[in-house]
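Single-letter residue listing:
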Amino acid sequence: MSKVKDLEHAQHNIEQPQFMLPNLHLLQGINEALAVPPPVGDPGAVRARAKDYAQASASFASAAQDLSGIATNQLPAVWTGSVAEHATQAVHAMSAETTTSKETLASAATLLEAWANDLEWAQKTDSDGCRQLKAAGDKIKDDLGGFDQGAMQSAMAGVGARLAAARRAESCGTSTASRLNQLASMARAERAGQGSIDPLAAVVLATEKNPGAGEDGGYILTPNQLDRATQTLGVMTGADQMAFRALLSGAKSPEEAAYLWKALAAGHSVADIQKFDAAIHPHGDDPAWLAQHLVPATTTGDTGRESSDNIDVTYQGQQVNIDGYGVYSQRDVSDCVAASTVIAQAKLDPLLMFQLTTGGTPDVPGSDSPQNFEQRLQKTYIDEYIQGQKADGRKTYPQEDKGLGSTAQTYLADKDLGKATGADYEHVELKNDDDRRAALARIEKSVDEGLPVPITVRNDDSGHQMMIIGRDGDKLQVYNPWGFTSWVTEEQFVNSQLGGLTPGEHPLNKSTALELPK
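Rules used in this analysis
- Residues numbered from 1 in each chain as written.
- Predicted model: local features only at pLDDT ≥ 70, side-chain atom pairs only at ≥ 80, totals over all residues.
- Heavy atoms only, no water.
- Helix = DSSP H or I, 4+ residues; strand = E, 2+ residues; numbered from the N terminus.
- Buried < 20%, exposed > 50% of the residue type's maximum accessible area, 1.4 Å probe, protein only.
- Contact = heavy atoms within 4.5 Å.
- Areas by Shrake-Rupley, 256 points an atom, 1.4 Å probe, with all protein chains shown as cover.
- Polar contact = N/O pair within 3.5 Å; in protein donor to acceptor, adjacent residues only side chain to side chain.
- Pairing = 2+ DSSP bridges.
- Core = buried A, V, L, I, M, F, W, Y, C linked by side-chain atoms within 4.5 Å.

Below, the discussion takes up the overall build of the protein chain. Within the protein chain, the regular secondary structure consists of 18 helices and 9 strands. In the protein chain, which comprises 518 residues, the proportion classed as buried is 50%. Of the contacts made within the protein chain by residues no fewer than 6 positions apart, 69% connect residues no fewer than 24 positions apart. Per element, the accessible surface of the protein chain, about 23100 Å² overall, is 51% carbon and sulfur.

Attention shifts here to the side chain of Asn-459. Examined against the element boundaries, Asn-459 turns out to sit in the loop between β5 (453-458) and β6 (463-472). Only 2.8 Å separates the side chain of Asn-459 from the backbone nitrogen of Asp-461, close enough to count as a polar contact. A distance of 2.8 Å separates the side chain of Asn-459 from the backbone nitrogen of Ser-462, its partner in a polar contact. Setting aside residues up to four positions removed in sequence, Asn-459 forms contacts with His-506, Pro-507 and Leu-508.

Attention now moves to the pairing of β6. Most of β6 sits inside the fold, with 8 of its 10 residues counted as buried. Across 6 bridges, β5 lies against β6 in antiparallel orientation. Counterpart to Thr-456 in the pairing with β6 is Gln-465. Hairpin remark: β5 followed by β6, antiparallel, with 4 residues in the connecting loop. Bridging between β6 and strand β7 (residues 475-480) involves 5 bridges; their strand directions are antiparallel. Directly across from Asp-472, in β7, lies its bridge partner Lys-475.

What follows covers the nonpolar core. In terms of nonpolar packing, the biggest core is built from 30 residues, with Phe-244, Trp-261 and Phe-276 touching the most fellow members. Residue assignment for this core shows that the elements contributing at least two residues are α8 (223-235), α9 (238-250), α10 (254-265), α11 (270-280), α12 (287-294) and α14 (350-358). The greatest single-element share of this core, amounting to 8 residues, is contributed by α10. Counting 25 residues, the second largest nonpolar core, distinct from the first, contains Ile-322, Tyr-328, Ala-423 and Tyr-425.

Okay, structure coming up:
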């Protein structure tokens, strides 16, 4: 049991004295409460580490400012043409990486300072509670057959103080660890540079972002993709390595190179990536075109929204409705598992998204129209739905349209998301709040690495699968295959308050299962 639960048990025993020998039972409850260990940790040591991080952040801030000035104003005039362009890109990337380091270290310093304050308060409050409990115990130890109301009240105050301290220490400790883990995942350039790629090229790739403008404005490469592409490149044959490096060096922009790296991480062969690059290379110096055709715009950084504020997914930066449905909507087929999985895979695999948006012929007029994209998307949903039904051993659509079971959910997660990430997925049932809270650490670790997590939600009558695709502190970002994205708090997830994700007459409040990377 945790310290909190142990103290709650002791509190119950203290406030419920027995009729026979009440002081004896009260003393037993007091001793039970005193036996629970105090909050551990050294606030001074935590503050010292926070100070170190703050000082390091200040150093990075100075370096970032210097690098930004060099990239903007101070590159040698003799550097012209592509040489100057590549140099500017490299210095801008170093500046961006240094800025990220500054911000990450500053955030870590703030978190540790807050944790030191919470720990100090918890330890003082716990010590005060122990003194009250000991005083109450000393007052009654020589009169175990009687009942001392004052001693009981003092004991209740003492155990209440210890319980408040334990709760603060536990919740703040867990929250701090969670947020520090998220900050640790931001060490991106190191991950790309641990293989055989040039360190400066690693920094450029790791810091490259989409331009936004209605599409995902975040990093092109997830932490998992930085790792996986680096590992893949390291075990390639010499000929494949040379061919892939030639693609990178011939890219018209860092964004084009990042998408080639993303394709490698998604498990594609060099031959397939060469064909892919031949098709996108004419647009390689147009970051907006690349983002609009190679990544679904499911992400919004607006974490201040409530769960009922659903953000419609846009296509090429615009809201699109076809026959009354958003372009990304699963429409009226019960293929939510397939639909959510396809979009999650498309976020990870630029070759899949390219086929969906263009049919492989980007320069044919109208090939990337919303109507053509929507048709390809719906066909892919149905194809995946049928494969899932076969895995479940059912009749297939359109003969049967009753959704998919846990076998198919895991099958599609492994087949599609596993292919794009290298992860093995397993079905995890969530039977109660304790199960949901216990799953949070695995959810956080997965999405911090860029591994999407399928989530099943239910009400009394029906179920639906969505996809957890990101997080910010204690908020989770969820993509709904009805065609929109939302943010929810982790407490809403734990306490079955997810109705805002599925607006309508019968919202689905309770999360009942996950497909989690092992």
